[in-house]
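Fold and contact review
One-letter residues, chain by chain:
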Amino acid sequence: MKILVPVKRVVDYNVKIRVMGADRGILVKTDKTLEPLAVAKILKAIVEQEKPGLVIMGKQAIDDDCNQTGQMLAALTGWPQGTFASKVVIEGESLLVTREVDGGLQTVKLKGPAIVTTDLRLNEPRYASLPNIMKAKKKPIDEKTPEAYGVDVAPRLDVLKTTEPAGRKAGVKVKTVGELVDKLKNEMGLI
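For the structure given in this document, a descriptive report is provided here. Not measured: the values here are computed from a predicted model.

**Some remarks on empty space enclosed by the protein**
- Taken as a whole and assessed by the stated rule, the structure comprises one cavity of 30 Å³ or more.
- Looking at the largest cavity, its volume works out to about 40 Å³.
- If you go around the largest cavity, the residues you meet are Glu35, Leu37, Ala38, Lys41, Asp152, Val153, Ala154 and Arg156.
- Looking at the lining of the largest cavity, its residues break down into four nonpolar, no polar and four charged.

What follows is the structure in structure tokens.
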């Protein structure tokens, strides 16, 4: 099964990404800040070109914490999705995705091709050996731009202002339930 694994560089822009354990890579370069919708559109174009059976990606990047790109990609492609995956099992043409939900764990069966966004507990990364690092340096990495995929990456959102929230007011202790109800009703207008 052909698997597409999108990676976003966010930790340190001075560190060069080293792709290991892959047959090849596609580096989409841009100097613009990309919103999740633009990234999903670029990934959709790559999916259409590469035709993978599975796209497996992190649930959110640490720079913007949006948790939107995987879901947007699933909507754009029309593929089923499994989010917050902590375990993925391939069964023929189907995927069993164990995902974390508020009540515990839930297992869903997806018909491939599919999009899976992963939780931190999906696997434990292995360390690359020196021979594999040397092999990875010889793998081809195609450099593309968003424009090469026909994707407009112009921002759709404008940040007008960022302010710190107001400081929290001190609490008030009450002696009886009646006094609590009275304060909620008369002083705070909540009841």
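Next comes the rest of the description.
**Points about helix H1 (residues 36-50)**
- Relative to the 21 Å expected for 15 residues at 1.5 Å per residue, H1 spans 21 Å between its end C-alpha atoms, a close match to the ideal helical length.
- Residues of H1 that are buried include every one of Pro36, Ala38, Ala40, Ile42, Leu43, Ala45, Ile46, Val47 and Glu50, and no others.
- Close packing links the buried residues of H1 with strand E1 (3-4), strand E2 (25-28), strand E3 (54-58) and helix H2 (69-77).
- Immediately downstream of H1, the backbone of Lys51 shows phi near 55 degrees, a positive value.

**Details of the pattern of salt bridges**
- In the structure shown here, the tally under the stated rule is seven salt bridges.
- Linking Lys183 and Glu187 is a salt bridge whose minimum nitrogen-to-oxygen distance equals 3.3 Å. One end of the pair, Lys183, and the other, Glu187, are both in helix H4 (residues 177-187), four residues apart, so they sit about a helical turn from each other.
- Residue Glu187 is classed as exposed on the basis of its relative accessible area, which comes to 59%.
- Each of Lys2, Arg24, Glu50 and Asp142 takes part in salt bridges that share partners, so that together they form one network.

**What to know about the side chain of Glu50**
- Secondary-structure assignment places Glu50 in helix H1.
- A relative accessible area of 12% places Glu50 in the buried class.
- Glu50 has contacts with Lys2, Arg24 and Ile26, leaving out every residue within four places of it along the chain.

**Topic: a nonpolar patch on the surface**
- A surface patch of nonpolar side chains, about 500 Å² in accessible area, is lined by Met1, Ile3, Val5, Val7 and Ile90.
- As for its position among the elements, Ile90 is in strand E4 (residues 81-91).
- For Ile90, a relative accessible area of 45% puts it in the partly exposed group.

**Remarks on the environment of Thr145**
- Relative to the helices and strands, Thr145 resides in the loop between strand E8 (141-144) and H4.
- Judged by relative accessible area, which is 33%, Thr145 ranks as partly exposed.
- Taking the C-alpha atoms as reference points, Thr145 and Lys29, 116 residues apart in sequence, are found 5.2 Å from one another.
- Thr145 has contacts with Val28 and Lys29, leaving out every residue within four places of it along the chain.

**Digging into the sheet that holds E4**
- With mixed pairing, six strands are arranged side by side in an open sheet as E1-E3-E7-E4-E5-E6. The outermost strands of the open sheet, each flanked by one partner alone, are E1 and strand E6 (104-111).
- Bridging between E4 and strand E7 (residues 114-118) involves three bridges; their strand directions are parallel. Residue pairing for E7: Gly82 is matched across the bridge by Val116.

Quick notes on the rules
Residues numbered from 1 in each chain as written. Predicted model: local features only at pLDDT ≥ 70, side-chain atom pairs only at ≥ 80, totals over all residues. Heavy atoms only, no water. 1 Å grid on protein atoms, 1.4 Å probe; cavity = no way out; pocket = protein on both sides within 12 Å on 5 of 7 lines; lining within 4 Å. Points joined across faces, edges and corners; volume = space filled by probe spheres on them. Nonpolar A, V, L, I, M, F, W, Y, C, P; charged D, E, K, R; others polar. Helix = DSSP H or I, 4+ residues; strand = E, 2+ residues; numbered from the N terminus. Expected span 1.5 Å × (residues − 1). Buried < 20%, exposed > 50% of the residue type's maximum accessible area, 1.4 Å probe, protein only. Contact = heavy atoms within 4.5 Å. Salt bridge = Lys/Arg side-chain N within 4 Å of Asp/Glu carboxyl O. Patch = residues over 30% accessible without salt bridge, like charges linked within 9 Å, V, L, I, M, F, W, Y side chains within 5 Å. Areas by Shrake-Rupley, 256 points an atom, 1.4 Å probe, with all protein chains shown as cover. Pairing = 2+ DSSP bridges.

Interpretation note: all reported values are geometric properties and have no functional meaning in isolation.
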